[in-house]
Amino acid sequence: MAFELPPLPYDYEALAPTIDGETMRFHHDKHHKAYTDKLNEGVAKDPALEGKTIEQILSTISSQPALVRNNGGGFWNHDFFWKIMGPNGGAPSGKLAEAIATYGGLDKLQDEFNNRGAGQFGSGWAWIVADASGALSVGSTPNQDNPLMDDVALKGTPILGNDVWEHAYYLTYRNDRAGYLKAWWNVVNWEEAGRRYEAALA
């Protein structure tokens, strides 16, 4: 079965003013759809990929062509991205809050995350991941790479991730990537991040 473009879990305008509705429409309806279509094109060329989940494909991405790597990463990354954002904000709680305290506190985590995102040369993603023990780490990946890929240095379960491709922020923030990264915390879905963190411990 072909991969399908997942719907947004909220209205296009729900994250405004942090992320405006026009950006959401282009980002989801055009960019994410293009990754979905191109992923299906790549999978159709390799019968061995038929029926595999996107996570299974990413786990052996080093053996796949660029068409599958770039668009498989783009497909998964964006599905993750929509879900770990939301209009209600909030704050970390439960086991995730404890892990953040162990890391050095939320301010430290946010600063390091923002710095990795701002410092990512060209296009890419900033990530917070958890290892099997629950320890958090921060890093970035180029292009549409992510921590689920077998040949990426940053390993772990993604808890949060921010898209620092220009199409994610340019209509509102122009070339102010740092301003976008700072504002983005206003729309983090901490409930979903906490759920993903607890699932990583299971």
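A brief structural summary. (Residues numbered from 1 in each chain as written. Predicted model: local features only at pLDDT ≥ 70, side-chain atom pairs only at ≥ 80, totals over all residues. Heavy atoms only, no water.)

1. Some details on the overall build of the protein
A tally of regular secondary structure across the protein gives 8 helices and 3 strands. Over its C-alpha trace the protein gives a radius of gyration of 16 Å, about what one expects of a compact globule, namely 17 Å for 202 residues. The principal-axis extents of the C-alpha atoms in the protein amount to approximately 45 × 40 × 30 Å. Burial analysis of the protein (202 residues in total) assigns 50% to the buried set. Residue pairs at least 24 apart in sequence account for 69% of intrachain contacts in the protein once pairs closer than 6 positions are excluded. Carbon together with sulfur atoms contributes 52% to the accessible area of the protein, which is approximately 9,500 Å² in total. Across the protein, 17 positive and 26 negative side-chain charges occur, with their mean positions spaced 3 Å apart. (Helix = DSSP H or I, 4+ residues; strand = E, 2+ residues; numbered from the N terminus. Rg over C-alpha atoms; globule rule 2.2 N^0.38 Å. Buried < 20%, exposed > 50% of the residue type's maximum accessible area, 1.4 Å probe, protein only. Contact = heavy atoms within 4.5 Å. Areas by Shrake-Rupley, 256 points an atom, 1.4 Å probe, with all protein chains shown as cover. Lys, Arg positive; Asp, Glu negative; His and termini not counted. Charge placed at Lys NZ, Arg CZ, Asp CG, Glu CD.)

2. Digging into the pairing of strand E2 (residues 136-142)
In terms of burial, E2 is a largely internal element, 5 of the 7 residues being buried. Two elements, strand E1 (residues 124-130) and E2, share 7 bridges in a ladder whose sense is antiparallel. Paired with Val129 across the strands is Ser137, a residue of E2. Counting the residues in the hairpin turn of E1 and E2 gives 5 residues, including Gly134, whose phi is positive at 95 degrees. (Pairing = 2+ DSSP bridges.)

3. Some points on the environment of Ala183
Mapped onto the secondary structure, Ala183 falls in helix H7 (residues 177-184). Residue classification places Ala183 among the buried residues on the basis of a relative accessible area of 16%. Between the C-alpha atom of Ala183 and that of Ile19, which follows or precedes it by 164 residues, the distance is 8.9 Å. Sequence-distant contacts of Ala183, defined by excluding residues within four places in its chain, comprise Thr18 and Tyr173.

4. Structural notes on helix H4 (residues 94-103)
Of all the residues in H4, the buried ones are Leu96, Ala99, Ile100 and Tyr103. Angularly, the buried residues of H4 cover 100 degrees about the axis, an arc narrow enough to put them on a single face. Projecting away from the buried face of H4 at angles above 90 degrees are the exposed residues Glu98, Ala101 and Thr102. Turning to H4, the residues buried within the fold contact helix H5 (106-119), E2, strand E3 (157-163) and helix H8 (190-201). At the C-terminal side of H4, Gly104 shows a positive phi close to 135 degrees. (Arc of directions from axis to C-beta.)

5. Examining the pattern of salt bridges
Summed over the entire model, instances satisfying the criterion amount to 8 salt bridges. Two residues, Arg25 and Glu13, come together in a salt bridge whose shortest N-O distance is 3.2 Å. You can see Arg25 sitting in helix H1 (residues 21-44) and its partner Glu13 sitting in the segment before H1, a full 12 residues away along the chain. We classify Arg25 as partly exposed; its relative accessible area is 37%. Its relative accessible area of 46% is what places Glu13 among the partly exposed residues. (Salt bridge = Lys/Arg side-chain N within 4 Å of Asp/Glu carboxyl O.)

6. Digging into the packing of aromatic side chains
Centre distance and the angle of the planes are the two values used to describe a pair of aromatic rings. In this structure the tally under the stated criterion is 13 aromatic pairs. Ring plane angle 15 degrees and centroid distance 5.0 Å describe the contact between Trp76 and Phe80, whose orientation is recorded as stacked. One end of the pair, Trp76, and the other, Phe80, are both in helix H3 (residues 66-83), 4 residues apart, so they sit about a helical turn from each other. Like Phe80, Trp76 is buried. (Phe/Tyr/Trp six-rings, centres within 6.5 Å; stacked < 30°, edge-to-face > 60°.)

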